[in-house]
Amino acid sequence: LRALGQSERFKNAYLSNYVDDTDISREIQFAAIEIDTSDDRVFISFRGTDDTIIGWKEDFNLSFMTVPAENEAAAYLEKVMKGRLDKVRLGGHSKGGHLAVYAALAANSDLTSRIENIYNFDGPGFNHEAMESDQFKTIKPKIGKFIPESSIVGRLLENTVEPVVIKSTELGIMQHDPLSWQLEGKQFTTCAFPDKISNLFDETMTTWLGEMSFEQRKVFVDELFSVFEAS
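Rules used throughout
Residues numbered from 1 in each chain as written. Predicted model: local features only at pLDDT ≥ 70, side-chain atom pairs only at ≥ 80, totals over all residues. Heavy atoms only, no water. 1 Å grid on protein atoms, 1.4 Å probe; cavity = no way out; pocket = protein on both sides within 12 Å on 5 of 7 lines; lining within 4 Å. Points joined across faces, edges and corners; volume = space filled by probe spheres on them. Helix = DSSP H or I, 4+ residues; strand = E, 2+ residues; numbered from the N terminus. Nonpolar A, V, L, I, M, F, W, Y, C, P; charged D, E, K, R; others polar. Pairing = 2+ DSSP bridges. Axes fitted to C-alpha atoms, helices over the stretch in contact; angles between N-to-C directions. Parallel < 35°, antiparallel > 145°, perpendicular 65-115°, else oblique. Left-handed = near helix turned anticlockwise from the far one by under 90°. Contact = heavy atoms within 4.5 Å. Salt bridge = Lys/Arg side-chain N within 4 Å of Asp/Glu carboxyl O. Polar contact = N/O pair within 3.5 Å; in protein donor to acceptor, adjacent residues only side chain to side chain.

Student: Just give me the short version of the layout of surface pockets, but keep the residues and values in it.
Tutor: In this model, the largest pocket occupies a volume close to 1800 Å³. Considering the residues around the largest pocket, the lining is formed by 39 residues, among which Arg9, Phe10, Ile35, Phe43 and Phe121 are closest to the centre. Taken together, the elements giving at least two residues each to the lining of the largest pocket come down to helix H1 (2-6), strand S1 (14-23), strand S2 (28-36), strand S3 (41-46), strand S4 (87-93), strand S5 (115-121) and strand S9 (187-188). By residue class, the composition of the lining of the largest pocket is 21 nonpolar, 12 polar and six charged.

Student: Residue-level account of unusual backbone geometry, with values.
Tutor: Here the phi dihedral of Asp40 falls at roughly 60°; this positive angle occurs in a residue that is not glycine. Here Asp40 shows up in the loop between S2 and S3. At Ser94, a position not held by glycine, the phi torsion is positive, near 60°. Structurally, Ser94 can be placed in the loop between S4 and helix H4 (95-106).

Student: Tell me about the pairing of S2, residues and numbers included.
Tutor: As defined by bridge partners, S1 adjoins S2 across eight bridges and the pair is classed as antiparallel. Bridge assignment links Ser16 to a residue of S2, and that residue is Glu34. Counting the residues that bridge the hairpin from S1 to S2 gives four residues, and of these Glu27 lies at a positive phi of roughly 50°. The hairpin turn running from S2 into S3, its antiparallel successor, is four residues long, and Asp40 in that turn takes a positive phi close to 60°.

Student: Would you mind going over the packing of helix H3 (residues 68-81) against H4 in detail, with residue names and values included?
Tutor: Running from amino to carboxyl end, H3 crosses H4 at an angle of 60°, the nearest separation of the two axes being 8 Å. By the angle between their directions, the pair H3 and H4 is classed as oblique. In the packing of H3 onto H4, the handedness of the crossing is right-handed. On H4, the residues touching Ala69, Glu70, Asn71, Ala73, Ala74 and Leu77 of H3 are Lys95, His98, Leu99, Tyr102, Ala103 and Ala106. Residues of the contact of H3 with H4, tallied by class, amount to eight nonpolar, two polar and two charged.

Student: Now, about the pattern of salt bridges: what can you tell me, with residues and values included?
Tutor: Applying the stated criterion across every chain, the model contains nine salt bridges. Look at the salt bridges and you will find they share partners, linking Glu34, Asp36, Arg84 and Asp86 into a network.

Student: Describe the side chain of Ser168, listing the residues and the values that go with them.
Tutor: In this fold, Ser168 is placed in the loop between strand S7 (164-166) and strand S8 (183-184). Reaching out from Ser168, the side chain makes a polar contact with the side chain of Ser180 at a distance of 2.7 Å. Aside from chain neighbours lying at most four places away, what touches Ser168 is Pro148, Glu149, Gln175, Ser180, Trp181 and Gln182.

Written out as structure tokens, the structure reads:
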């Protein structure tokens, strides 16, 4: 943090409104922070999944329900921006990217008009029903999705927009680490398509979820994570 504060790029960024809410009983893992940049814009950053079991369970719960972190993200954005006229950007990595899109989906019309960009860095998509809404069609042009070649997490559920595919120095699931994503100057080094691993996972997961009702998904996730929690 000290190094960032002394850097030319980030020295004028002001951090505020940090929240951190992790509660096993409510099956929630949520954190967010406001970053005021030097271009008269606000960046709301949502944290991705941490290393807690409940954080990962909440990711799986996305396949059949609105999870508590989604409601918290929507409430956080409304609270932070209430009474202000700032333009705002939203973003996050992993589940944080999903929450950025969800917060925009839940925003009122005045707030929606002030959202300039939504950045989803290898975060899960949405169920088909959510993407059919009028609000989604309004925010869709503002969404940028970025995934590594072997993306796994970023291909859960349906993609909101066609993603930008980025080269990574890691292999497999470890490409989820954004510090492995490659840059040339200020631009990501991109690929034309995800690799075979990512495509196979996407096809398999899509088929599997398509064969299960929401109730069956819930039973599976509850049973799977009861095993994790027991150990």
